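Report on the structure
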Amino acid sequence: MQSYINQLDGVFPSVCSLDCPDQCGLLLHKKDGKIIKVEGDSTHPVTKGNICNKVRNMTARIYDSKRLSQPLKRIGAKGEGKFVPISWEEAIDTITSKWKTLINQHGPESILPYSFYGNMGNLSAEGMDRRFFHKLGASRLERSICNAAGATGYSYTMGGSFGVDPEETIQTKLFIMWGINAVSTNMHQVTIAQQARKNGAKVVVIDVHKNQTGKWADWFIPILPGTDSALALGLMHILYAENLINQSFLDEYTVGSAELREHVRQYDPATVSAITGVSIDDLYTLARMYGSTTPSFIRIGNGLQHHDNGGMAVRTIACLPALTGQWVVKGGGAMKGNSGYLAFNTNALQRPDLLQNKKTRVVNMNQIGQALLTKEKPIRSLFVYNSNPVLVAPNANKVQQGLMREDLFTVVHDLFLTETAMYADLVLPAASSYETEDFYTSYWHNYVQLQKPVIETYGESKSNVELFKLLAANMGFEEASFQDSEEDMIRQALDFPDNPYLEGITYESLSENQFVKAKMSPLFPGKLRTPSGKIELYSEQMKQHGYEPLPTYTPIVTDSDLPFLFIPAPNHNFLNSTFSNNDKHISMEKEPKLHMNIADALKLGIDTDDMVRIWNERGECILKAAPGDNVLAGVLVSQGLWQNTSDKKQHINALTPDRLADMGNGAVFFSGRVNLEKVL
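Residues numbered from 1 in each chain as written. Predicted model: local features only at pLDDT ≥ 70, side-chain atom pairs only at ≥ 80, totals over all residues. Heavy atoms only, no water.

**A few points about the sheet that holds strand 17 (residues 426-429)**
Note the following rule: Whether two strands pair depends on DSSP finding at least two bridges between them. Strands here mean DSSP runs of E at least two residues long; helices mean DSSP runs of H or I at least four residues long; both are numbered from the N terminus. Every angle, taken between N-to-C directions, lies between 0 and 180 degrees, and every axis is a line fitted to C-alpha atoms, over only the stretch in contact when it is a helix. Any pair of residues with heavy atoms lying within 4.5 Å of one another is described as a contacting pair.
Pairing in this open sheet of six strands is mixed, and the strands run 5-4-17-16-15-6 from one edge to the other. Taken across any chain shown, the strands that pair with only one partner, and hence form the sheet edges, are strand 5 (83-85) and strand 6 (111-115). The mean angle between the axes of side-by-side strands here comes to 20°, regardless of whether they run parallel or antiparallel. Sheet analysis places strand 15 (residues 381-385) next to strand 16 (residues 409-414), joined by five bridges and oriented parallel. Bridge pairing in strand 16 places tyrosine 385 opposite histidine 413. Contacting strand 4 (72-74), strand 6, strand 15, strand 16 and strand 17, helix 3 (residues 88-106) crosses the sheet at an angle of about 130° to strand 17.

Dropping the structure here:
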C-alpha cells in the first residue's frame, strides 16, 4: 500500500482511530487534497459500511477553525488561555533544556508523561513515546483509567482477554448486554444482534440507566449501581437449584464447580433482590431464560467495572457461560474484550529495556490530582498527549489545582487547545490519524488494520512518532531505535511468534489487504492461559493475590452519607472529551441532563427541565433535571463530558472519587455519592 497524500482526488481506505471497540473500516473522499466526506467501508467484514455520527461528521473536527496549526507558548496566567506562536525549534529547545535542568537538579523521575488512547493507533499510543520516556528515565504512568479492573477480573476466570468472535453472534439466540450502552458505544454488536433477532433472538439489557440500548432491548432490567456481582451470583443460585447447568462441561473444562455450588447457596433470590433492586420474579425469569436458551451470549460492558468492586463483578459474570456450557456452542459464551487475540510484540514496540532503573516510580493516572499536589519528590514537569486529564480524570478540581502550580512545567500535544492545554506552558499541534501511518488492533473484533497517510499534515502539526524523534535527537539519544520509521516499528510489533493468532499478519499482508483477521480457533477444546488451563470458578491464584477465590459480592464503598449514587455515563455524540469542543457534535447532543427517578423528583419538588445542583465534598455541578422511570430511586445519571466554564458548572468529574478499584488499580467513576437540590 502506498501513501495517498499526493493523490488530490479520489476515495481512499482508512481506519477509525477513536477509542471504540468497533474500529470501523472507512473510506475517505478527497477533493483538491482535502477530505470532503467520511463513509464506512462496505467491504469490511464486521463494520460493513455502517459508521456512527461521530465519525460521519469527522471532517468538522479535522478542519475545525479552532484546530492548532503551530506551537504556542503561554504568556498569561495558567488557565487564562493567552498564548503566542513560536517555532518548533524553539519549542523543542525549550522542552529539552528544561528537562536537562530538572534531571540534573531533581532526577528524571521529576518528569511524568500522561497519555491514553485518544488515538488508538498503536504507534501513536504506545510507540516512540514509550521508547523516549523509558530512555529518559521519567516516572512511569499506570494507564488504568478505562478497563483495568474488568480486564483483571475477567483474566482470573478466563486467562486473558479472550471471548466470543463477534461475527459468530449472528447465531446467538439470547443476548445479555450487561452494563454496556451498546447503541452508543458498540453499534456493530447491535447491528449483529438485530440480524439475529430476525431469526428469533431476544435481547436483554441490564444497566443502571434505561439509555438508548435499554430502550432498544426486548427486556430492560434496571439494577442498583455496584450490585452486578450479586445479581450474577443470584442467577447461579437458581441455575444450580433448578439443575439448569451443563455438568459435563463443568467437569471437563472448569475447576471449582462443586465449591461454587455450595458458595452460591447464600445468594438466594430474596437476598439478591434486596441487594440489587431486581424483583424475585425477574430473577427467576432471567435465570430460566439463560439456562434454557442456547446459544446465549453475554456482552460485558465497561460501565460496571467502574465501581469499587468492578473487577470482582466482571470476574463473576464471566463465570456464567461455564455453568451452562455455552462456550462450546457457536455464538455462545461471553466477551469483555478480545484484545488477547491481537496481542503484538509490545516489548519490541515500547522497548522497556531502555529503562535503566527498573524501580522507577509509578504514578496511577486515576490519581493524577493527588500526584501533582504531592510535596514529597514532587512532579516538576508533565507531558500530556492523547488525553485531556482536566476533563477525563476523576476528582477534577484537584487535577486543576495541581495544574495551576507555577513551578510545574507542562507541555500538551493535541489537535486543540483543550481544557488541559489551557494550563500548559507550551502547546504543540498534533497530527490527526489521517495524516500518519499506523496500525490498529480492535479490542472487540479480530482484525488488524493498516492506515496510510491520506492528507497532508495540518499546518505545522506533527505525529507522536515525529515529535518524540525530535525530542530524542535534542536530548542526545543515540540508540538506533530512535531512528526507526513507522514501517520499521509496525514490522517489529507484528513479529511475535508467541501469539499464534497473528500468524500471516504482516506489513505486506496488511498493505495488500488493508485489514487481516487473526487466525481464530475455538477456545474449547483447548487450554486456557489460567494456571489450571481451565475456566477458574475457584481461583487459587486469586487467593494468593489476597482476593476471595470464589466469586463474591462486596458492597461499594460508602464514602459519605449523601443520599444519591451518581453515575457519569457516556453520551451518544462525544467519546470521552473528544468532540465535546466541536459545535456540530454539541448541536447533535444538545445539552447535559440529570436523569433521576420521578419519585425522588416529587419528594424534592423538581420538575422536568428545572435546574438542579448536585454536589459532594469534591465539587458541584448544575444540570437540567430529567425525571422519569429510566433509573431506580436513589440513582442519578448524567451523560457526557461537557466543557466547563465559570457560568456553566457541568463538569461531572468534579464529583467523581479518585480512589482505586478492587483489581487492576482501575477507576471508580461510578461509585461516588452526591446530594441534590433545586436551583431557585
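Next comes the rest of the write-up.
**Comments concerning the packing of helix 10 (residues 228-241) against helix 13 (residues 269-276)**
The following threshold applies: Small angles under 35 degrees read as roughly parallel and large ones over 145 as roughly antiparallel, with 65 to 115 read as roughly perpendicular and the rest as oblique. Working rule for handedness: look at the near helix, and if it is turned counterclockwise from the far one by less than a right angle, call the crossing left-handed; if clockwise, right-handed.
Here helix 10 crosses helix 13 at 160°, and the two axes come no closer than 9 Å. When the axis of helix 10 is compared with that of helix 13, the two are roughly antiparallel. In this structure, helix 10 crosses over helix 13, and the sense of that crossing is left-handed. Two secondary-structure elements touch here, helix 10 through Ala230, Leu231, Gly234, His237 and Ile238 and helix 13 through Pro269, Val272, Ile275 and Thr276.

**Here's the deal with helix 5 (residues 128-136)**
Where we set the bar: For every residue, the accessible area (1.4 Å probe, protein chains only) is compared with the maximum for its type, and the residue is labelled buried under 20%, exposed over 50%, or partly exposed between those bounds.
Of all nine residues in helix 5, eight are buried, a share of seventy percent or more. Of the positions making up helix 5, those classed as buried are Met128, Asp129, Arg130, Arg131, Phe132, Phe133, His134 and Leu136. In the segment just after helix 5, glycine 137 is the residue with positive phi, at about 85°.

**Some words on the sheet that holds strand 3 (residues 34-40)**
Spatially, 1-2-3 is the arrangement adopted by the three strands of the open sheet, whose pairing is antiparallel. Of all the strands in the sheet, just strand 1 (10-15) and strand 3 have a single pairing partner and so form its edges. Going across the sheet, the axis of each strand differs from the next one's by a mean of 30°, ignoring polarity. Where strand 1 meets strand 2 (residues 25-31), six bridges bridge the pair, whose relative direction is antiparallel. Each residue of the ladder has a partner; that of phenylalanine 12, found in strand 2, is leucine 28.

**A look at the state of the cysteines**
So the rule is basically this: The rule for a disulfide is simple: a pair of cysteine sulfur atoms within 2.5 Å.
In the structure shown here, the tally under the stated rule is zero disulfides. No disulfide involves cysteine 16; its sulfur sits 5.9 Å from that of cysteine 24, the nearest cysteine.

**Quick look at the environment of lysine 590**
Position of lysine 590 relative to the elements: it lies in the loop between helix 25 (583-589) and strand 23 (593-597). A relative accessible area of 65% means that lysine 590 is categorised as exposed. Along the backbone, lysine 590 and aspartate 218 are 372 residues apart, and their C-alpha atoms lie at a distance of 28 Å.

**Notes on the pattern of salt bridges**
The condition that has to hold: For this document, the term salt bridge refers to a Lys or Arg side-chain nitrogen within 4 Å of an Asp or Glu carboxyl oxygen.
Within the structure shown, the criterion is met by 31 salt bridges. Across the pair aspartate 484 and arginine 131 runs a salt bridge, and its minimum N-O distance is 2.8 Å. One end of the pair, aspartate 484, is in the loop between helix 21 (464-475) and helix 22 (486-494); the other, arginine 131, is in helix 5, with 353 residues separating them in the sequence. Arginine 131 carries the same exposure label as aspartate 484, and that label is buried. The closest approach of N and O atoms between lysine 452 and glutamate 437, which form a salt bridge, is 2.7 Å. Remark: glutamate 437 occurs in the loop between strand 17 and strand 18 (438-441) and lysine 452 occurs in the loop between strand 19 (447-451) and helix 21; sequence separation between them is 15 residues. Bridged by salt links that share partners, the residues Asp308, Asp559, Glu617, Arg618 and Arg659 form one connected network.

**Concerning the packing of aromatic side chains**
Put simply, the rule is: The pairing test for Phe, Tyr and Trp rings, Trp by its six-membered ring, is centres within 6.5 Å, and the orientation test on the planes gives stacked under 30 degrees, edge-to-face over 60, and tilted for anything in between. Distance and angle both matter: a charge sits over a ring if NZ of Lys or CZ of Arg is within 6 Å of the ring centre and within 35 degrees of the ring normal.
Taken as a whole and judged by the stated rule, the model has 26 aromatic pairs. With a centroid separation of 5.1 Å and an interplanar angle of 35°, the aromatic rings of tyrosine 4 and phenylalanine 12 are classed as tilted. Both residues of the pair, tyrosine 4 and phenylalanine 12, count as buried. These aromatic residues form a ring-pair network of at least three members: Trp99, Phe132, Phe133, Phe383, Tyr385, Phe468, Phe477 and Phe482. Between the NZ or CZ atom of lysine 462 and the centre of the ring of tryptophan 88, over which it lies, the distance is 5.3 Å. For the cation-ring pair, arginine 613 lies above tryptophan 615, with the distance from its terminal atom to the ring centre recorded as 4.2 Å.

**So, the environment of isoleucine 598**
For isoleucine 598, the position within the fold is in helix 26 (residues 598-604). Along the primary structure isoleucine 598 and leucine 632 are separated by 34 residues, whereas in three dimensions their C-alpha atoms are 9.0 Å apart. Excluding its chain neighbours within four sequence positions, the residues that come into contact with isoleucine 598 are Pro627 and Gly628.

**Observations regarding the nonpolar core**
Definition in use: What we call a nonpolar core is a set of buried Ala, Val, Leu, Ile, Met, Phe, Trp, Tyr and Cys residues that are connected through their side-chain atoms within 4.5 Å.
Ranked by internal contacts, the top residues of the largest apolar core, which has 162 residues, are Trp99, Phe132, Trp178, Leu320, Trp327 and Phe383. Among the elements that line this core, the one with the most residues is helix 10, at nine residues. Residues Phe12, Val38, Ile51 and Met58 belong to the second largest nonpolar core, which totals 19 residues.

**Examining the pairing of strand 2**
Of all the seven residues making up strand 2, six are buried; the element is thus mostly covered by neighbouring parts of the structure. Examined bridge by bridge, strand 2 and strand 3 share six bridges and lie antiparallel to one another. Looking across to strand 3, one finds that lysine 31 is bridged to lysine 34. Counting the residues that bridge the hairpin from strand 2 to strand 3 gives two residues, and of these aspartate 32 lies at a positive phi of roughly 55°.

**Looking at the pairing of strand 6**
Counting buried residues along strand 6, five of its five residues qualify, which places the element largely inside the surrounding structure. Going residue by residue along strand 6, you find Ile111, Pro113 and Ser115 tucked away on one face and Leu112 and Tyr114 tucked away on the opposite face as well. One ladder, built from five bridges, connects strand 6 with strand 15; its direction is parallel. Looking across to strand 15, one finds that tyrosine 114 is bridged to valine 384.

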